[in-house]
Amino acid sequence: MNCTLLSYGDAVKLYVDALADDFPPAELRPSAWIEPLLASGVYRAYLLRDGEAPVAYAFVCKLPSGNVYLVDYLAVFAPYRGQGVGTALLSALHAELASADALLFEVDHPDFAPEQSERTKRERRIAFYQRCGTIDTGVRTCVYGCEFQILCLPCAVTLSGVAAADALDGIYRTLFPPTFYETQVVFHPVKNG
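Asker: Report on the overall build of the chain, specifying residues and quantitative values.
Answerer: The helix and strand tally for the chain stands at 6 helices and 8 strands. In summary, the chain has a C-alpha radius of gyration of 16 Å against a globular reference of 16 Å for 193 residues, a match within 12%. Overall, the chain is about 45 × 35 × 35 Å in size when its C-alpha atoms are taken along their principal axes. Across the chain, the fraction of contacts at a sequence separation of at least 24, relative to all contacts at a separation of at least 6, is 63%.

Here it is in C-alpha cells:
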C-alpha cells in the first residue's frame, strides 16, 4: 500500500465527496473553513491506495507554533473495512509524519453514546487506536456538542495532560473561526492519562 500527500484540488474534492459518508454531520465543518487551511499548508490530506484503488484517507492539521498534528479525520472506505487497512493507514501516516513530536486523535467519548450499540462501537474504535500505539492523554473536549476523548500517538514525545491540551488548543484555534471557538469549544478539566 502507498500513502501520498494530496494536492490542494484533490484534497478539497476528497473532503467534499467522501466525508459525509464517513462522519456524523455534527463533526463536519464547511469546506469554506478547510480550503484556506489546505492552501496555507497547515492542513493536509493523505490518501492510502492499494495499487490504484483508494482504500483510506486522513486529514491532519499542524500546530502552527509547534510540531504536533491533530488527525482530524481518518477513515477507511466501506468496502475495505475490517481488512487491516486502518492499521496500515495509521502506520503509513506515522511514517509520513515521523519528524512530528506527536499525533493527536479525537475519538468519540463512549460515556456520551446515546445507546449501548454506539458505546460498544466507540470502545472498539478506542481499542483499535490503542493497539496501534496511542495513549489516553487525559484531555476531554466538547466541540459543537460532540464529546471527545483525546489520544496521542507518540513520535518524538508523548503528550498528555496540560501539554496535550495546550497543543490541541492551538490546533483548535487554527481550525475554527474565533466566534465558533469561543462558543462551541470546551476543554473539560484534565484527567490523568
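Further notes follow.
Asker: Got a sec to walk through the environment of L103? Specific residues and values, please.
Answerer: With respect to the helices, strands and loops of the structure, L103 is situated in strand β5 (residues 102-108). Overall, L103 belongs to the buried group, its relative accessible area being 0%. For the pair formed by L103 and K62, sequence separation is 41 residues and the distance between their alpha carbons is 9.2 Å.

Asker: Provide a residue-level description of the layout of surface pockets, including the pertinent values.
Answerer: One number sums up the size of the largest pocket: a volume of about 1000 Å³. Along the wall of the largest pocket there are 38 residues; nearest its centre are D22, F23, L74, R125 and Y129. Sorting the residues of the lining of the largest pocket by element identifies β4 (68-76), α3 (85-96), β5, α4 (116-131) and β7 (146-154) as the ones contributing at least two each. Taken together, the residues of the lining of the largest pocket break down into 23 nonpolar, 4 polar and 11 charged.

Rules of the game
- Residues numbered from 1 in each chain as written.
- Predicted model: local features only at pLDDT ≥ 70, side-chain atom pairs only at ≥ 80, totals over all residues.
- Heavy atoms only, no water.
- Helix = DSSP H or I, 4+ residues; strand = E, 2+ residues; numbered from the N terminus.
- Rg over C-alpha atoms; globule rule 2.2 N^0.38 Å.
- Contact = heavy atoms within 4.5 Å.
- Buried < 20%, exposed > 50% of the residue type's maximum accessible area, 1.4 Å probe, protein only.
- 1 Å grid on protein atoms, 1.4 Å probe; cavity = no way out; pocket = protein on both sides within 12 Å on 5 of 7 lines; lining within 4 Å.
- Points joined across faces, edges and corners; volume = space filled by probe spheres on them.
- Nonpolar A, V, L, I, M, F, W, Y, C, P; charged D, E, K, R; others polar.

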